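What follows is the residue order along each chain.
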Amino acid sequence: MEHLDMRKKITIMIAVLSVLLFSALNMTIVGTSLPKIISKIGGLSYFDWVFTIYMLTSSITAILVGKLSDIYGRKIFILVGIAIFSLGSLLSGFSTSIIQLIVFRGIQGFGGGMIMSTSFATVGDLFSPRERGRWQGVLGATFGVASLFGPTLGGYIVDHFDWSWVFWVFLPIGVVAFFLIWQLYPGHSRREKEPIDYAGSLVLSVMITSLLLGFSWADEKYPWGSPQIIGLFGVTIISLILFILIERKVKSPVVPLHLFQNSVFTLSNIISFLIGMGMFSVIMYIPFFVQGVIGASATVSGLIELAMTLSMVLASGIAGNLITKTGKYKKFAVLGLMLMTTGMILNALLTVESTLMRVIINLIVTGLGMGIGFPVFNLTVQNAVKHKFLGVATATSQLFREIGGTVGVAVMGSVMGTLMASRLAEKMPAGMTDQMPPGMEEMKDPQVLMNPEQLEQVRLTLSEQARQMFDQLIAVFREALSYSLSGVFLFSAIIVLLAVISAFFLKEIPLRSTNFDEETEGEKEGASL
């Protein structure tokens, strides 16, 4: 589609951006809303699975669709992705338990994986690598806009309406996006038919699932050295070996292994994995700090995250244009990742005495880093391979980022739970929870911190003596939660710092000015570790 005139390209991009906006709004609205949703339907111990299942299903779908869209075109998969994502959103709003919500979020993930994979690949179809910097910035800004409105609206909905509208409010946008793609997106001349790598896809799914369960259950349900955890990690290793053997033999592998012979491709995916691990600490756990530690409402939590969003949108747009103008990207990658690391270190220093203004400043720093660094690595991956591998290369980058997010969420959940339990054991006065007066039984569970309004209502019903015990207990819970979140943010800072170090070794190759496959200088210069 590179040969199309600019007006036609922009029209197609408007349709694609509408799809991305629909998908991103549905994802960003959940983060701020989920603590309140959990307080309604229960299931705090499964909190991370609401995000993890989405990452799992979207990762598996994206990598398979990346390959198929190279053969059959992007249009059909965007349309199917919108339909599946909309169904998952509709069903999520009808959930009556955390298990149902997890299942329906998994359905959303199948559609979201299709949307994300094909949308980013479409930019590569329409524009040469040199031109993509600007449009990658626009895509980043789209996620920023979603992050701008999603959390705020999500907080407002759960504070004033039934929480189900968190999943239903954007369904009309999905309908509009579907018909925009149907009408505007051009058809595709299918390439020569290739066999689908079902075996590789199945083994890859087993590998990701066992890896996820291993990290999720370790130290949560079973000790790290238990047969269950060792068995899951063993399945992961065996699946990885089988996957490599399968991909080396099949005619049309779901992930062509020869792509990893290119150092730029390989290192970019490693960095994407690390970014995925680190960035979700802010997305997931800042609302816990604002609502649980500071005691603000979900609406305020959403407004606080606007600081990160606005700085991310601004930085993404400026960085994208500068990359297109200069043809350079490495310095932007390093700068962005360094700012992200700084923001996460600042978050790790937050305490129960920290003000909302301090949280806002930390999020501005983090948002600037995310806006500058996030778009770079889709660009480097696409620039490093032939255009005929564009879909699968883009999907592979997404896979690494989402696996990183999945592993990161699981590990951070374990870190948070372990640190909070140890802090409560250290700070909780002996027998305090057993001495609570009637009506305070639910206060034995720290998840009550996620609903500040309900806490205040409970407090007003207590006697003066009971209020003193209530206030003491809440103070202990908040200090323990703050302590555990500091550990989560510090862990994330270390992960992103590893990404900074890796970025220094990224070989900067010229951004190609065409999508023509014979233009392979970039591949030659980036080749071979």
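Everything quoted here is computed from the prediction, not taken from an experiment. (Residues numbered from 1 in each chain as written. Predicted model: local features only at pLDDT ≥ 70, side-chain atom pairs only at ≥ 80, totals over all residues. Heavy atoms only, no water.)

**Student:** Help me understand the overall build of the protein, please; the structure alone is not making it clear to me.
**Tutor:** When its secondary structure is counted, the protein shows 18 helices and zero strands. Taken across its 529 residues, the protein has 59% of its residues classed as buried. Pairs at least 24 apart in sequence give 84% of the contacts found in the protein among residues at least 6 apart. For the protein, the exposed area adds up to about 20,600 Å²; of that, 68% sits on carbon and sulfur atoms. (Helix = DSSP H or I, 4+ residues; strand = E, 2+ residues; numbered from the N terminus. Buried < 20%, exposed > 50% of the residue type's maximum accessible area, 1.4 Å probe, protein only. Contact = heavy atoms within 4.5 Å. Areas by Shrake-Rupley, 256 points an atom, 1.4 Å probe, with all protein chains shown as cover.)

**Student:** Explain the packing of aromatic side chains here, please?
**Tutor:** Within a pair of aromatic rings, the relevant descriptors are the distance that separates the centres and the angle that separates the planes. Per the stated rule, a full pass over the model turns up nine aromatic pairs. Arranged with centres 6.2 Å apart and planes meeting at 85°, the rings of Trp-163 and Phe-167 form a pair that is edge-to-face. Judged by its relative accessible area of 11%, Trp-163 falls in the buried class. Residue class for Phe-167 comes out buried when judged on its relative accessible area of 1%. Each ring, one from Phe-178 and one from Trp-182, has its centre 6.2 Å from the other, and the planes form 20°; the classification is stacked. Taken together, the residues span about one helical turn, with Phe-178 and Trp-182 both in helix H7 (residues 171-184) at a distance of four residues. Given a relative accessible area of 48%, Trp-182 falls into the partly exposed group. Among the aromatic residues, those joined into a cluster by ring pairs are Phe-94, Trp-165 and Trp-168. (Phe/Tyr/Trp six-rings, centres within 6.5 Å; stacked < 30°, edge-to-face > 60°.)

**Student:** Sorry, what's going on with the packing of helix H11 (residues 298-326) against helix H13 (residues 356-373) here?
**Tutor:** Two packed helices can be described by the angle between their axes and the distance between those axes. Contact geometry of H11 with H13 gives a least axis separation of 7 Å together with a crossing angle of 30°. One element, H11, and the other, H13, form an angle in the roughly parallel class. At the point where H11 passes H13, the crossing takes the right-handed sense. Residues Val-300, Ile-304, Glu-305, Ala-307, Met-308, Ser-311, Met-312, Ala-315, Ser-316 and Ala-319 of H11 pack against Leu-356, Val-359, Ile-360, Leu-363, Ile-364, Thr-366, Gly-367, Leu-368, Met-370, Gly-371 and Ile-372 of H13. Partitioning the contact of H11 with H13 into residue classes produces 15 nonpolar, five polar and one charged. (Axes fitted to C-alpha atoms, helices over the stretch in contact; angles between N-to-C directions. Parallel < 35°, antiparallel > 145°, perpendicular 65-115°, else oblique. Left-handed = near helix turned anticlockwise from the far one by under 90°. Nonpolar A, V, L, I, M, F, W, Y, C, P; charged D, E, K, R; others polar.)

**Student:** Where do I start with the layout of surface pockets in this structure?
**Tutor:** Unoccupied space between atoms shows up once a probe the size of one water molecule is rolled over them. Counted as a void, the second largest pocket has a volume near 470 Å³. Lining the second largest pocket are 19 residues, and of these Leu-204, Met-207, Leu-240, Phe-400 and Ile-403 sit closest to its centre. Broken down by secondary-structure element, the contributors of at least two residues to the lining of the second largest pocket are helix H8 (198-217), helix H9 (227-249) and helix H15 (390-427). Grouping the amino acids of the lining of the second largest pocket by side-chain chemistry returns 17 nonpolar, two polar and no charged. (1 Å grid on protein atoms, 1.4 Å probe; cavity = no way out; pocket = protein on both sides within 12 Å on 5 of 7 lines; lining within 4 Å. Points joined across faces, edges and corners; volume = space filled by probe spheres on them.)

**Student:** What exactly am I supposed to notice about the environment of Ile-318 here?
**Tutor:** Structurally, Ile-318 is set in helix H11. The partly exposed category is assigned to Ile-318, whose relative accessible area is 46%. Separated by 180 residues in sequence, Ile-318 and Val-138 place their C-alpha atoms 9.7 Å apart.

**Student:** What exactly am I supposed to notice about the confidence of the model for the protein here?
**Tutor:** Atomic detail in the predicted coordinates should be set aside for any region of low pLDDT. Mean pLDDT over the protein: 80, with 88% of residues reaching 70 or higher. A low-confidence stretch, residues 439-444 stays under pLDDT 50, and its non-local contacts, those more than four residues away or across chains, total 17 contacts. Here residues 518-529 is a poorly scored stretch, pLDDT under 50, and it has 27 contacts once near neighbours within four places are set aside; other chains count. (pLDDT = per-residue confidence, 0-100.)

**Student:** Mind showing me how you'd approach the nonpolar core here?
**Tutor:** Side chains of a nonpolar character, in soluble globular proteins, are inclined to be buried together. Leu-34, Ile-181, Tyr-285, Leu-337 and Leu-485 are the most contacted members of the largest nonpolar core, which has 148 residues in total. Excluding anything up to four places from it in sequence, Leu-485 contacts Tyr-285, Phe-288, Phe-289, Val-293 and Met-416. (Core = buried A, V, L, I, M, F, W, Y, C linked by side-chain atoms within 4.5 Å.)

**Student:** Even after reading the chapter, I still don't get the pattern of salt bridges, so can you show me in this structure?
**Tutor:** Oppositely charged side chains may form a pair once their charged atoms are brought near each other. This structure, assessed with the given rule, holds two salt bridges. Taking the shortest distance from any N to any O, the salt bridge between Arg-423 and Glu-426 comes out at 3.7 Å. Residue Arg-423 and its partner Glu-426 are located together in helix H15, separated by three residues, close to a single helical turn. Relative accessible area serves as the criterion here: at 15%, Arg-423 is assigned to the buried category. A residue is classified by how much of its surface remains accessible, and Glu-426, at 54% relative accessible area, is exposed. Of the charged contacts in the structure, one is a salt bridge between Glu-479 and Arg-423, with a shortest N-O distance of 2.9 Å. Of the two residues, Glu-479 is situated in helix H17 (residues 464-504) and Arg-423 in helix H15; the sequence distance between them amounts to 56 residues. Where salt bridges share partners, they join Arg-423, Glu-426 and Glu-479 into one cluster. (Salt bridge = Lys/Arg side-chain N within 4 Å of Asp/Glu carboxyl O.)

**Student:** Would you take a moment to explain a nonpolar patch on the surface for this structure?
**Tutor:** Taken together, Met-338, Leu-490, Ile-494, Leu-497, Leu-498, Ile-501, Phe-504 and Phe-505 make up a surface patch of nonpolar side chains, about 810 Å² in accessible area. Top contributing element to the nonpolar patch by residue count: H17, with six residues. Within the element layout of this structure, Leu-490 appears in helix H17. With relative accessibility at 45%, the residue Leu-490 sits in the partly exposed group. (Patch = residues over 30% accessible without salt bridge, like charges linked within 9 Å, V, L, I, M, F, W, Y side chains within 5 Å.)

**Student:** What is the right way to read the environment of Phe-170 from this model?
**Tutor:** Considering the arrangement of structural elements, one finds Phe-170 in the loop between helix H6 (165-168) and H7. Look at Phe-170 and you get buried, because its relative accessible area is 8%. With 84 residues separating them in the primary sequence, Phe-170 and Ser-86 have C-alpha atoms 9.1 Å apart. Leaving out residues up to four positions away in the same chain, Phe-170 has contacts with Phe-22, Leu-25, Asn-26, Ile-29 and Leu-153.

**Student:** Even after reading the chapter, I still don't get empty space enclosed by the protein, so can you show me in this structure?
**Tutor:** Applying the stated criterion across every chain, the model contains four cavities of 30 Å³ or more. Its boundaries defined by the atoms lining it, the largest cavity holds a volume of some 670 Å³. Lining the largest cavity are 30 residues, with Thr-28, Phe-143, Met-279, Phe-280 and Ile-283 positioned closest to its centre. Within the residue set of the lining of the largest cavity, elements represented by two or more residues are helix H1 (6-41), helix H2 (47-72), helix H4 (98-126), helix H5 (129-160), helix H10 (263-294), H11, H13 and H15. Of the residues that constitute the lining of the largest cavity, the class distribution is 16 nonpolar, 10 polar and four charged.

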